[in-house]
Amino acid sequence: MARVVRFHEYGEPEVLQIDDIEVAAPAAEEVQIVVRAIGLNRAEVMFRRHAYLQEAEFPSRLGYEAAGTIKALGSSVNGLATGDAVSVIPTLDMARWGTYGEVVNVPARHVVKHPANLSFERAAASWMQYITAWGALIEQAKLSSNDFVIVSAASSSVGIAAFQVARSVGATVIATTRTGAKVEALRKAGAHHVIATAEEDVTARVRDITDGKGARVVFDPIGGPAVAQLAECMAVGGILLEYGALSPNEGSFPQFAVLGKSLTLKGYLYTEIVSDEAILERAKTFINKGLESGVLDPFISRTFAFDQIQEATRFLESNEQIGKIVVTL
């Protein structure tokens, strides 16, 4: 038997409960992992609230990230061994391969032997954020040293990861946050410039920072009315990658900015990266190299014990943190 977090109905953090269940042996293409740390993500909050792309089948597991040691291998798995220290790349089905548990099974293609210099906590805080940021900024936007990139809702773990990915190729980061409360922390986390959107003229600030050219790349999880404002901040031929929908409002389509600047507005999901073997291998290489060198350095806001899963989730939802929340076992 193993302790596993499940929820039996949609709702607030109170629906999360730790159940003792029998974890089956890994299937042919899976590995079984004894979990040492779990990284928490907003996608899991949305899933628990019935606001995600996937439906739950109760009682449902959840979770995209974890790190630990391999306990058992499926019959078709090669290149991994029992005892290996590994971390989990988010799968395509968190209900089936949920990571909130003492023992979990995940597909071998979503398992990475992380660098020896990486603790289990930092390994569990790595893959969702870096896969998401790398796929958008490097694989799709082709970000380079000549570029300015706007990273909105920048205090999230993906936002901080985007700073590091962008800086690794020499790009200039313009972070946005709602108020001035997190400005200094975001500068310390790696943003070259920080704009408090509720207190400053965003378009004017971006114009000043970019010498009137605008930002070629925008990386945004908010959507809604903010998209029109961001479009005004963009350079000719720019691309806006929308990877979330935090705004409850749809907003209007910025047709004049899109036409006048020949902009590309693209919806983006991490699944575009993990669904393609060749792209996923490029991501693994880039991220593991960055983690090993320290160019990519997961920022952990706070850690909680496994028994505190409800409290950890509430803290995640409070938006008080900058960076990642990790649960340890």
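Structural data are supplied above this passage.
About the criteria used
- Residues numbered from 1 in each chain as written.
- Predicted model: local features only at pLDDT ≥ 70, side-chain atom pairs only at ≥ 80, totals over all residues.
- Heavy atoms only, no water.
- Pairing = 2+ DSSP bridges.
- Helix = DSSP H or I, 4+ residues; strand = E, 2+ residues; numbered from the N terminus.
- Axes fitted to C-alpha atoms, helices over the stretch in contact; angles between N-to-C directions.
- Salt bridge = Lys/Arg side-chain N within 4 Å of Asp/Glu carboxyl O.
- Buried < 20%, exposed > 50% of the residue type's maximum accessible area, 1.4 Å probe, protein only.
- Phe/Tyr/Trp six-rings, centres within 6.5 Å; stacked < 30°, edge-to-face > 60°.
- Lys NZ or Arg CZ within 6 Å of the ring centre and 35° of its normal.
- Right-handed = clockwise from strand over helix to strand, strands pointing away.
- Contact = heavy atoms within 4.5 Å.
- Polar contact = N/O pair within 3.5 Å; in protein donor to acceptor, adjacent residues only side chain to side chain.

## So, the sheet that holds strand β10 (residues 193-196)
Turning to step 1, where the next piece is worked out: Across the sheet, which stays open at both edges, the six strands sit in the order β10-β9-β8-β11-β12-β13 with parallel pairing between neighbours. Looking along the sheet, the strands with just one partner apiece sit at the ends: β10 and β13 (264-267). Strand-to-strand twist of the sheet, defined as the mean angle between neighbouring strand axes without regard to direction, takes the value 20°.
Turning to step 2, where the next piece is worked out: Relative to strand β11 (residues 215-220), strand β8 (residues 148-151) is paired through three bridges, and the arrangement is parallel. Each residue of the ladder has a partner; that of Val-151, found in β11, is Phe-219.

## Considering the pattern of salt bridges
Turning to step 1, where the next piece is worked out: Taken as a whole and judged by the stated rule, the model has 17 salt bridges.
Turning to step 2, where the next piece is worked out: We note a salt bridge from Asp-307 to Arg-3, for which the minimum N-O separation is 2.7 Å. Pair noted here: Asp-307 is in the loop between β14 (300-305) and α11 (309-318) and Arg-3 is in strand β1 (residues 2-7), with a separation of 304 residues, a long-range link.
Turning to step 3, where the next piece is worked out: The exposed category is assigned to Asp-307, whose relative accessible area is 55%.
Turning to step 4, where the next piece is worked out: Taking the relative accessible area as the measure of exposure, Arg-3 reaches 27% and is therefore partly exposed.
Turning to step 5, where the next piece is worked out: The residue Asp-147 makes a salt bridge to Arg-216 at a minimum N-O spacing of 2.9 Å.

## Focus: the packing of aromatic side chains
Aromatic ring pairs: the centre-centre distance and the angle between the two ring planes describe each pair.
Turning to step 1, where the next piece is worked out: What the rule picks out here adds up to ten aromatic pairs.
Turning to step 2, where the next piece is worked out: Taking the centre distance of 5.5 Å and the plane angle of 70° together, the rings of Tyr-64 and Tyr-270 count as edge-to-face. On the criterion of sequence distance, the pair formed by Tyr-64 in the loop between α1 (42-48) and β4 (67-73) and Tyr-270 in the loop between β13 and α9 (271-274) is long-range, its members being 206 residues apart. Taken individually, Tyr-64 and Tyr-270 each receive the classification buried, so the pair is uniform in this respect.
Turning to step 3, where the next piece is worked out: Ring geometry for Phe-219 and Tyr-243: centres 4.2 Å apart, planes at 20°, overall stacked. With Phe-219 in strand β11 and Tyr-243 in the loop between β12 (234-242) and α8 (255-261), the pair connects residues that are 24 residues apart, well separated along the chain. Judged on exposure class, the residue Phe-219 and its partner Tyr-243 are both buried.
Turning to step 4, where the next piece is worked out: Taken together, the aromatic side chains of Phe-7, Tyr-10, Phe-47, Tyr-52, Phe-58, Tyr-64 and Tyr-270 make up a single cluster linked through ring pairs.
Turning to step 5, where the next piece is worked out: Between Arg-302 and the ring centre of Phe-315, over which it is positioned, the NZ or CZ distance is 5.0 Å.

## Considering the pairing of strand β15 (residues 324-328)
Turning to step 1, where the next piece is worked out: Among the five residues in β15, four count as buried, and that is most of the element.
Turning to step 2, where the next piece is worked out: Note: strand β3 (residues 30-39) against β15, three bridges, orientation antiparallel. The residue bridging Ala-37 from the neighbouring strand is Thr-328, located in β15.
Turning to step 3, where the next piece is worked out: Taken together, β14, α11 and β15 constitute a β-α-β crossover, and its handedness is right-handed.

## What about the environment of Tyr-64?
Turning to step 1, where the next piece is worked out: Using a relative accessible area of 3% as the deciding quantity, one classes Tyr-64 as buried.
Turning to step 2, where the next piece is worked out: Taking the C-alpha atoms as reference points, Tyr-64 and Ile-38, separated by 26 residues in sequence, lie 8.5 Å from one another.
Turning to step 3, where the next piece is worked out: Contact partners of Tyr-64, with chain neighbours within four places excluded, come to Asn-41, Ala-43, Glu-44, Tyr-52, Val-88, Ile-89, Pro-90, Thr-91, Met-94, Thr-99, Met-128 and Tyr-270.
Turning to step 4, where the next piece is worked out: Separated by 3.2 Å, the side chains of Tyr-64 and Tyr-270 make a polar contact.

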